[in-house]
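Fold and geometry: a report
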Amino acid sequence: EKLDSVTYAGRHGVRAFKNDRAMQVKRSLPSFPLAMWSLDGWDVELFYKSTRGGKTTYGHRVTMVVVLDPYFMYPTGYAIGEEGEAENSGLITRAIQNALRHTEELFGAMYQVNQIQSDNFAKKKMMSVYEIAGSHVTPAEVGNAKSKPVERYFKRLNQRYCQLCRNWSGWGVTSKKTLQPNGEALNRYKASEPDYTGVCQQIENIINAERAEKQLLYVGGFDKIPADRVLQISRQQYLMSFGSTTGNRNLLRGEGLTVAIDGRKHVYDCFDLNFRKYASTRWEIRYDVEDLHTVVATNEDETLQFILEEKHVQPMALVERTDEDNIQLQRIRDFNALQEETITKQICAAQETTLSLMESKKELEKHQMFLLTDSQGQHKNNRNHFRKAIEGETISEVIKNSDFDIENEY
């Protein structure tokens, strides 16, 4: 007992020493939303059964990643792994993507969080994703579970929801045996375990219940965010970072950009006049499978990026046309009118420049192209007179200083 602090690390490990004997840091929860997110993976304490090759096995658990906002312990984002899928960078990315989408659902726009607290899983690979979703990234110290609010949140979900289900798998392996579920009962009722789809539905119900309980309080705290801490993410930034691709490149046609996504054709177009300047460019489409109304088109080196909208489908019959149809039709008409006006102005400007150039060098040009002689049969003298215009004199000055009668002789 006298040498407990000396021997504790040797008897229980360095992590236990840091958690139980080292001085702890006392922290307060954030006072407004989007101050920080804490994320981690969790093997959900709910069993499910799996049938493959005519054989059914029991006692499987699914992995999920939760993105938690400690302000009212609100689950901002989550992602559930496939059957047999362990925690990986793709699953973490999907959870962050879900969190960003949810900010748009709650606040009307997509927002970046001020700080992301992650664990050290695939830290190097995930850092680029974290830096897009969060202004600052602070990985938790290895083995220091106390610093991550999400760890305590998993305990809450386990105790409040999972423990009430018949397919509850119990606590961690280090927990007391007396706190674990009845093994005989689990074996007796194993046939009633849900399959993978069923356990995913259980998890979604848990997250939806948590969100429903806390959502009003969470959204109500948005006004507390300092003005300089409101970090909005544009749709273009989001899709360039998290968007999926088809693997193909598409050309712009008259009807728009036709893209096949999951076996279904979608037609997109852009109301930016500059987009139609690159008719020969092959575009890669970045999209969010959860929201296909807008996508980003980018060229090969990503120097060009445009937001595209899915084309509105107009009914042929006037009697079926709605107010929204009329609005969308007028948008196209206004765009075409603006495009024609812009092109006309460009043509007029080019025409004026060309006419001005031709006017200033008209005689010079003709004397170079053709052997046009004057009434005395001379050609070079007249050509040389007009060549002086290039050297500084205007055409009018050349004519004035010469004996050439332009009105009567040419």
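Please read these numbers as outputs of a predicted model, since none were measured by experiment.

Rules used in this analysis
Residues numbered from 1 in each chain as written. Predicted model: local features only at pLDDT ≥ 70, side-chain atom pairs only at ≥ 80, totals over all residues. Heavy atoms only, no water. Phe/Tyr/Trp six-rings, centres within 6.5 Å; stacked < 30°, edge-to-face > 60°. Buried < 20%, exposed > 50% of the residue type's maximum accessible area, 1.4 Å probe, protein only. Helix = DSSP H or I, 4+ residues; strand = E, 2+ residues; numbered from the N terminus. Lys NZ or Arg CZ within 6 Å of the ring centre and 35° of its normal. Contact = heavy atoms within 4.5 Å. Pairing = 2+ DSSP bridges. Core = buried A, V, L, I, M, F, W, Y, C linked by side-chain atoms within 4.5 Å. Polar contact = N/O pair within 3.5 Å; in protein donor to acceptor, adjacent residues only side chain to side chain. Axes fitted to C-alpha atoms, helices over the stretch in contact; angles between N-to-C directions. Parallel < 35°, antiparallel > 145°, perpendicular 65-115°, else oblique. Salt bridge = Lys/Arg side-chain N within 4 Å of Asp/Glu carboxyl O. Disulfide = S-S within 2.5 Å. Expected span 1.5 Å × (residues − 1). 1 Å grid on protein atoms, 1.4 Å probe; cavity = no way out; pocket = protein on both sides within 12 Å on 5 of 7 lines; lining within 4 Å. Points joined across faces, edges and corners; volume = space filled by probe spheres on them. Nonpolar A, V, L, I, M, F, W, Y, C, P; charged D, E, K, R; others polar.

This part covers the packing of aromatic side chains. Going through the model one piece at a time under the given rule, you end up with 17 aromatic pairs. Between Trp168 and Trp171 the ring centres are 5.9 Å apart and the planes differ by 85 degrees, which places this aromatic pair in the edge-to-face class. Classification of Trp168 by relative accessible area gives buried; the value is 7%. The exposure class assigned to Trp171 is partly exposed, which follows from its relative accessible area of 22%. When the ring of Trp283 is compared with that of Phe306, the centres are 5.7 Å apart and the planes differ by 90 degrees; the resulting orientation is edge-to-face. Of the two residues, Trp283 sits in strand 12 (residues 283-288) while Phe306 sits in strand 14 (residues 305-310), which places them 23 residues apart along the sequence. One exposure class covers both Trp283 and Phe306, and it is buried. What links up through ring pairs into an aromatic cluster is the set Tyr71, Phe72, Tyr74, Phe107, Tyr111, Tyr218 and Phe222. Here the guanidinium or amino end of Arg166 rests over the ring plane of Tyr189, the centre of that ring lying 4.2 Å away. The positively charged end of Arg331 is found above the aromatic ring belonging to Phe271, 4.0 Å away from the centroid.

What follows concerns the side chain of Ser169. Mapped onto the secondary structure, Ser169 falls in the loop between helix 5 (149-160) and helix 6 (183-188). Beyond its immediate chain neighbours, meaning those up to four positions away, Ser169 contacts Val44, Glu45, Leu46, Phe47, Arg61, Gln180 and Pro181.

Spatially, the 6 strands line up as an open sheet ordered 9-12-13-14-11-10, and their pairing is antiparallel. In this open sheet, the two strands that pair with only one neighbour each are strand 9 (249-250) and strand 10 (257-261). Pairing between strand 11 (residues 264-269) and strand 14: 2 bridges, direction antiparallel. Residue pairing in the sheet places Asp269 in a bridge with Glu309 of strand 14.

If you look at the biggest cluster of nonpolar residues, it comprises 35 residues, and the most contacted ones within it are Trp37, Ile96, Leu100 and Tyr218. Put simply, the parts of the chain that give this core at least two residues each are strand 1 (37-43), strand 4 (63-69), strand 5 (74-80), helix 3 (89-107), strand 6 (111-117), helix 4 (123-133) and helix 8 (235-242). Here the element with the most residues in this core is helix 3; it accounts for 8 residues. Those residues in contact with Leu100, other than ones at most four positions away along the chain, are Trp37, Met110, Tyr111, Ala133, Ile233, Tyr238 and Phe242.

Examined against the element boundaries, Gln237 turns out to sit in helix 8. Note: C-alpha distance between Gln237 and Val296 (59 residues apart in sequence) is 9.3 Å. In terms of polar contacts, Gln237 uses its side chain to reach the backbone amide nitrogen of Ser234, at 3.0 Å.

Turning to the packing of helix 5 against helix 7 (residues 196-220), a few remarks are in order. Contact pair helix 5 / helix 7: the axes reach a minimum separation of 12 Å and the direction vectors enclose 105 degrees. Regarding the angle of helix 5 to helix 7, the classification is roughly perpendicular. For the pair formed by helix 5 and helix 7, the contact residues are Tyr153, Arg156, Leu157 and Arg160 on the first element and Ile206, Glu210, Glu213 and Lys214 on the second.

When charged atoms on two side chains of opposite charge get close, those side chains can pair. Within the structure shown, the criterion is met by 19 salt bridges. One salt bridge in this structure joins Glu85 and Arg94, with 3.7 Å as the shortest N-O distance. Accessibility expressed as a relative area gives 18% for Glu85, which makes it buried. As a salt-bridge pair, Lys345 and Glu341 come within 3.3 Å of each other at their nearest N and O atoms. Here Glu341 and Lys345 lie together in helix 9 (residues 323-360), a separation of 4 residues that amounts to about one turn. By relative accessible area, Lys345 is classed as exposed at 53%.

The subject of this paragraph is the state of the cysteines. What we call a disulfide is simply a covalent bond connecting the sulfur atoms of a pair of cysteines. For the coordinates displayed, the defined rule picks out 0 disulfides. Between Cys165, a free cysteine, and Cys162, which holds the nearest cysteine sulfur, the sulfur-to-sulfur gap is 6.2 Å.

The end-to-end C-alpha distance of helix 7, which contains 25 residues, comes to 36 Å, matching closely the 36 Å that a straight helix rising 1.5 Å per residue would cover. Taken together, the buried positions of helix 7 are occupied by Tyr196, Val199, Cys200, Gln202, Ile203, Ile206, Ile207, Glu210, Arg211, Lys214 and Tyr218. Those residues of helix 7 that are buried are in contact with strand 1, strand 2 (48-52), strand 4, strand 5, helix 3 and helix 5.

Across 4 bridges, strand 2 lies against strand 3 (residues 55-60) in antiparallel orientation. Paired with Arg52 across the strands is Lys55, a residue of strand 3. Connecting strand 2 to the next strand, strand 3, in antiparallel fashion are 2 residues, including Gly53 with a positive phi near 60 degrees.

Backbone geometry places Leu34, a non-glycine residue, at a positive phi of 65 degrees. The backbone of Phe72 shows a phi angle near 60 degrees, a positive value even though the residue is not glycine. Turning to its location among the elements, Phe72 is positioned in the loop between strand 4 and strand 5.

Counted as a void, the largest pocket has a volume near 570 Å³. Of all the elements in the fold, those that place two or more residues in the lining of the largest pocket are strand 1 and helix 5. For the lining of the largest pocket, the residue count by class is 4 nonpolar, 7 polar and 6 charged.

A word on the environment of Phe72. Classification of Phe72 by relative accessible area gives partly exposed; the value is 39%. Spatially, the C-alpha atoms of Phe72 and Lys214 are 6.9 Å apart, while their sequence positions differ by 142 residues. Filtering out sequence-adjacent residues up to four positions away, Phe72 remains in contact with Lys214 and Leu217.

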